[in-house]
Every structure is written in structure tokens, then in C-alpha cells.
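Observations on chain architecture
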Amino acid sequence: MRVAPSVVAATIVASLTLAGCSEGGSAPIAETPAAATLPPGRPAIYQAAGEGPEPFVRALYAVYVAGGPGTDTPAPGQDPIYSRMMNATIGADFRVANGEVPTLNYDLICACQDQGPFTLDSLTVGQTGVNAATAAVVFTNAGETTTQTLNLVREGVNWKVDDVIGADGKSVRAETLKVIEAAGG
């Protein structure tokens, strides 16, 4: 006798539901591991993006402390760690470069092209609204200390980097938009 797959699925669901209601407790619920329990990398960043602005930023920099992102990065303008607006800016910057070196020819998170020994020295996160936060970051890369601020925005359930403000107070997004506009992009 052949049993339809929908009947098998319904039987499994009913069994699990009843098991949760039986005497002696409930059925265990599988939980997704917190970002801190995942090894540094994209999965930990994506997990932390849904946990809050501070876990998200800590997961971003944990990648650099662990040796850097390597080649595990999406194409310019398509990176899920950046907001829609920041991705649009990054993508436009690469398009208007027309095969030449774009304005954003470095890693925004570490403010570097090449990474050396890396430490996260200080992190202060402040929520500025329900869907907005800032992260003041101080890190040392290859012996050089850098200070920057990440403007964060929540899109859906995930936190994203919406802009990077350097120690000079300049917005990466605003400076890049000037170049794009000058190029007619």
C-alpha cells in the first residue's frame, strides 16, 4: 500500500504536536546558534545582523581579527552587509569607473586595501532610532590605529551598514556620490 507524501507529513506534524503536549515536558525546540557561537565569517555576520546593531558590528570585525574576509565577498553593489542605498552607491561607483579603478577601491570596514595583524580596540554602539544606530569603532590594522563611525540602518529584520564616516568626519557615501554625479552617473 502506497501512502501519499502529504499524509506522511501530516502524521509527522501531528506526532510532534502530541509529543509536545504529553506528560513529562515538551519536545525540544532546535535553536539557531547565536552569531557568537559561529566561526567568524559571513554566516556569523548574517546571523548577528538579526540580533542587534552591536552583535552585527562585532561579527563584522571578528572576521578581520580572524584574518580577514579573503575572497568571500559578494560583487560590488550586492553585499548583504550594506543597506540598499549603500549598495546602490557602491554599484554605481564601479559602473562609472568604466573599467578603471573606482573611488571605493578599498575595504570599507577595515578602511584598508591590505590587512595585517588586526585588533578591535574599542566599540561603542548607540541606537539613534528604532531602525537606526551608530557604531564608533577604533581598531588597529598592521600597527596603524583607525577611528571610524558606521551608520547603521535596520532593513526588515537585519541591521546593515548605511555609511562609513572616517576620522576626518567625511561620509564615504556622500564623497562617492559626488564622484558619481561628476561622472554623470
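For the structure itself, consult the block above.
As a starting point, this report considers the structure included with it.

**Re the environment of Ala97**
- If you trace the backbone, Ala97 turns up in the loop between α4 (84-96) and β1 (118-129).
- Relative accessible area serves as the criterion here: at 14%, Ala97 is assigned to the buried category.
- Taking the C-alpha atoms as reference points, Ala97 and Val179, 82 residues apart in sequence, are found 9.6 Å from one another.

**A short note on the sheet that holds β1**
- Pairing within the open sheet is antiparallel, and its four strands lie in the order β1-β2-β3-β4. Every other strand in the sheet has two partners, leaving β1 and β4 (158-166) as the edge strands with one partner each. In this sheet, neighbouring strand axes are inclined to one another by 25° on average, regardless of whether the strands run parallel or antiparallel.
- Of the strand pairs in this sheet, β1 and strand β2 (residues 132-141) are connected by ten bridges, and their pairing is antiparallel. When the bridges of β2 are listed, Val125 appears paired with Ala135.
- Running at roughly 160° to β1, helix α3 (residues 53-65) makes contact with β1, β2, β3 (144-155) and β4 of the sheet.

**Brief notes about the nonpolar core**
- With 31 residues, the main nonpolar core has Phe56, Val57, Leu60, Tyr61, Leu150, Leu152 and Val161 as its most contacted residues.
- When near neighbours in sequence (up to four residues on either side) are disregarded, Val57 contacts Leu123, Ala135, Val137, Leu150 and Leu152.

**Description of the state of the cysteines**
- All chains considered together, the criterion is met by one disulfide.
- What pairs with Cys110 in a disulfide is Cys112, and their sulfur atoms sit 1.9 Å apart. Here the disulfide of Cys110 and Cys112 is left-handed, its torsion about the S-S bond being about -75°. Here the two residues Cys110 and Cys112 agree in accessibility, since each one is buried.

**Notes on the pairing of β2**
- Linking β1 to β2, which pair antiparallel, is a turn of two residues.
- As paired strands, β2 and β3 are joined by ten bridges and run antiparallel to one another. What sits directly across from Asn141, in β3, is Glu144.
- Counted along the chain from β2 to the antiparallel partner β3, the turn is two residues long, and its residue Ala142 has a positive phi close to 55°.

**A short note on the packing of aromatic side chains**
- A complete count under the given rule lists five aromatic pairs for this structure.
- An aromatic cluster is defined as three or more aromatic residues linked by ring pairs; in this entry it consists of Tyr61, Tyr64, Phe118 and Phe139.

**Some details on helix α5 (residues 172-182)**
- The complete set of buried residues in α5 reads Val172, Arg173, Thr176 and Ile180. Seen from one end, α5 has its buried residues packed into an arc of 85°, which puts them on one side. Facing away from the buried surface of α5 by more than 90 degrees, the exposed residues are Lys178, Glu181 and Ala182.
- Its buried side turned inward, α5 meets α4 and β4.
- The backbone nitrogen of Arg173 has a side-chain oxygen 3.3 Å away, supplied by the residue at the start of α5, namely Ser171.

**With respect to α4**
- With 13 residues, α4 should reach 18 Å at 1.5 Å per residue; the first-to-last C-alpha distance of 18 Å fits that figure.
- Of the positions making up α4, those classed as buried are Met86, Asn87, Thr89, Ile90, Gly91, Ala92 and Asp93.
- Its buried side turned inward, α4 meets β4 and α5.
- Positive backbone phi, at 50°, marks Asn98, one or two positions downstream of α4.

**Describing the environment of Gln127**
- Note that Gln127 resides in strand β1.
- Gln127 sits in the partly exposed class, given a relative accessible area of 48%.
- Considered as a pair, Gln127 and Leu152 are 25 residues apart in the sequence and their alpha carbons are 8.9 Å apart.
- With residues up to four places along the chain from it excluded, the contact list for Gln127 reads Pro53, Ala132, Ala133, Arg154 and Trp159.
- A distance of 3.3 Å separates the side chain of Gln127 from the backbone oxygen of Gly129, its partner in a polar contact.
- Reaching out from Gln127, the side chain makes a polar contact with the backbone oxygen of Val130 at a distance of 3.2 Å.

Calculation rules
Within each chain, residue numbers correspond to sequence positions counted from 1 in written order. The predicted origin of the model limits local features to residues at a pLDDT of at least 70 and limits the giving and counting of side-chain atom pairs to 80 or more, whereas totals for whole chains, interfaces and linings rest on all residues. Excluding hydrogens and water, the side-chain values take into account all heavy atoms of the structure. Only DSSP runs of H or I reaching four residues or more are called helices, and only runs of E reaching two or more are called strands; each is numbered from the N terminus. The buried label goes to any residue with under 20% of its type's maximum accessible area, the exposed label to any with over 50%, and the partly exposed label to all in between, with areas taken from a 1.4 Å probe on protein chains only. Each pair of strands is called paired provided DSSP finds at least two bridges between the two strands. Only the stretch in contact is used when a helix axis is fitted, and all axes are lines through C-alpha atoms; the angle between N-to-C directions ranges over 0 to 180 degrees. Two residues qualify as a contact provided that any one of their heavy atoms is within 4.5 Å of a heavy atom in the partner residue. Among the buried residues, those of types Ala, Val, Leu, Ile, Met, Phe, Trp, Tyr and Cys that are joined through side-chain atoms within 4.5 Å form a nonpolar core. When two cysteine sulfur atoms are found within 2.5 Å, that pair is recorded as a disulfide. Working definition: rings of Phe, Tyr and Trp (its six-membered ring) pair if their centres are within 6.5 Å, and the pair is stacked with planes under 30 degrees apart, edge-to-face with planes over 60 apart, and tilted otherwise. Think of it as the arc spanned by the lines of direction from the helix axis to the C-beta atoms. A 3.5 Å cut-off defines polar contacts: any pair of N or O atoms within that distance qualifies, except that in protein one atom must be a possible hydrogen donor and the other a possible acceptor, and neighbouring residues in sequence count only when both atoms are side-chain atoms. Expected span of a helix: the number of residues minus one, times 1.5 Å.

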